[in-house]
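For reference, the chains in residue letters:
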Amino acid sequence: MPSQSSTVPCQYRTGKTLGSGTYAIVKEAIHIKTGKYYACKVINKKLMEGREHMVRNEIAVLKRVSSGHKHIVTLHDYFETSHNLYLCFDLCTGGELFDSICAKGHYYEADAAALIRTIFEAVKYIHDCGIVHRDLKPENLLFRSKAPDADIMIADFGLSRVMDTNKLSLLTEICGTPGYMAPEIFKKVGHGKPVDVWAMGVITYFLLCGYTPFDRDTQQQEMEAIIAGDYAFEPAEYWANVSDTARSFVIECLTIDPTSRPTAEEALAHKWLASAEPHFVPDP
Ligand code: ADP
Ligand code: MG
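- The name recorded for the protein chain in an unreviewed UniProt entry is Protein kinase domain-containing protein, from Piloderma croceum.
- Comment text from UniProt for the protein chain, heading Sequence similarities (unreviewed entry), reads "Belongs to the protein kinase superfamily."

## Here we look at the overall build of the protein chain
At step 1: A tally of regular secondary structure across the protein chain gives 10 helices and 10 strands.
At step 2: Taken against the 2.2 N^0.38 rule, which gives 19 Å for 284 residues, the C-alpha radius of gyration of the protein chain at 19 Å falls within 12% of a compact globule.
At step 3: If one aligns the C-alpha atoms of the protein chain with their principal axes, the spans along those axes are about 55 × 40 × 35 Å.
At step 4: Out of the 284 residues in the protein chain, the part that is buried amounts to 39%.
At step 5: A fraction of 62% describes how many contacts in the protein chain between residues 6 or more apart in sequence connect residues 24 or more apart.

## Brief notes about the pairing of strand β2 (residues 12-20)
At step 1: Pairing geometry for β2 and strand β3 (residues 24-31), over 6 bridges, is antiparallel. Residue pairing for β3: Ser-20 is matched across the bridge by Ile-25.

## Re the UniProt feature "binding site: ATP" (unreviewed entry) in the protein chain
At step 1: In the UniProt entry, the feature "binding site: ATP" (unreviewed entry) is given for Lys-41.
At step 2: Secondary-structure assignment places Lys-41 in strand β4 (residues 36-44).

## Observations regarding the pairing of strand β6 (residues 84-90)
At step 1: With 6 of 7 residues buried, β6 lies mostly within the body of the structure.
At step 2: Here β4 runs beside β6; their pairing, made up of 7 bridges, is antiparallel. Across the sheet, the residue bridging to Lys-41 is Leu-87, located in β6.
At step 3: The pairing of strand β5 (residues 75-80) with β6 spans 5 bridges and is antiparallel. Bridging from a neighbouring strand, Tyr-78 pairs with Leu-87 of β6.
At step 4: The turn joining β5 and β6, which pair antiparallel and follow one another in sequence, is formed by 3 residues.

Rules used in this analysis
- Residues numbered from 1 in each chain as written.
- Chains lettered and ligands numbered in written order.
- Predicted model: local features only at pLDDT ≥ 70, side-chain atom pairs only at ≥ 80, totals over all residues.
- UniProt positions renumbered as here; feature names shortened; annotations may be inferred.
- Helix = DSSP H or I, 4+ residues; strand = E, 2+ residues; numbered from the N terminus.
- Rg over C-alpha atoms; globule rule 2.2 N^0.38 Å.
- Buried ≥ 20, exposed ≤ 12 C-beta atoms within 10 Å, placed from the backbone.
- Contact = placed C-beta atoms within 7 Å.
- Pairing = 2+ DSSP bridges.

Here it is as structure tokens:
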């Protein structure tokens with residue numbers, strides 16, 4: 001009964017389901033006292049058994065990055081009952097970038113560049129805070145409102161990690177969403193911030209043509225294609241209106257060797273983004 005309201009401890013009433021992911025259901029929630037709307041991520045403790053540290057980690061990371069940047073969702077509140085954990089965020093009513101790409105077919109190059117520049121600025125901020133997101137994909141990028149030029153927001157820090165130093169390769173566990181995962185994750189040689197730049201390359205490709213670069217019949221083939229960097233700007237008719245500058249940006253983000261891949265700062269200096277207007281709504 002997804003549309004039925006229920007009372008969340010203390011002060012919220014939950015409403016319709018906004019989305020769901022691996023461990024969580026996200027519901028619209030109204031703060032009864034103020035009448036303000038939020039998005040409430042409801043995490044079932046039973047499902048998370050043995051992985052409670054993931055939620056603690058998500059909260060710790062959010063405390064570090066959220067409210068520090070306009071394009072990162074803010075965590076407003078956190079509480080638990082015997083069954084669930086609740087994380088209350090800014091409500092993004094414009095839906096996922098994923099659905100927006102699917103509805104449009106693909107983005108025009110100038111619009112894609114503006115969006116990617118804005119997201120990359122937020123990624124640079126996250127990296128400067130010593131965090132690697134590790135699950136950047138259009139399902140985790142949300143529009144703040146339904147307006148055509150609404151702010152884009154980075155959400156879902158469930159797989160993110162604090163990198164204690166600036167060392168390049170520290171993390172070894174295999175995680176993420178296969179199509180967006182960098183080669184070094186599969187190779188288990190250790191990974192860090194460059195995995196987010198790779199994912200941004202995949203997202204850029206997806207925005208420009210409407211499909212992802214390493215989509216194959218099986219996950220095994222997909223992984224092999226990623227490790228080999230085997231993708232092309234094909235079929236040609238989908239790429240006819242895409243400039244060489246945009247292609248070179250994708251090629252650079254999809255550099256197999258993480259040590260040669262641009263950093264977020266370097267990607268922002270690429271001429272495809274350097275000339276793009278940022279994608280944002282000016283404050284009133
Ligand atoms: P998971 O870790 O399970 O993937 P997410 O944090 O990505 O959970 O949330 C799952 C989905 O819920 C998102 O893909 C999105 O559709 C929706 N969602 C998450 N946060 C918000 C929010 N702040 N506002 C609106 N919808 C949200
Ligand atoms: Mg998610």
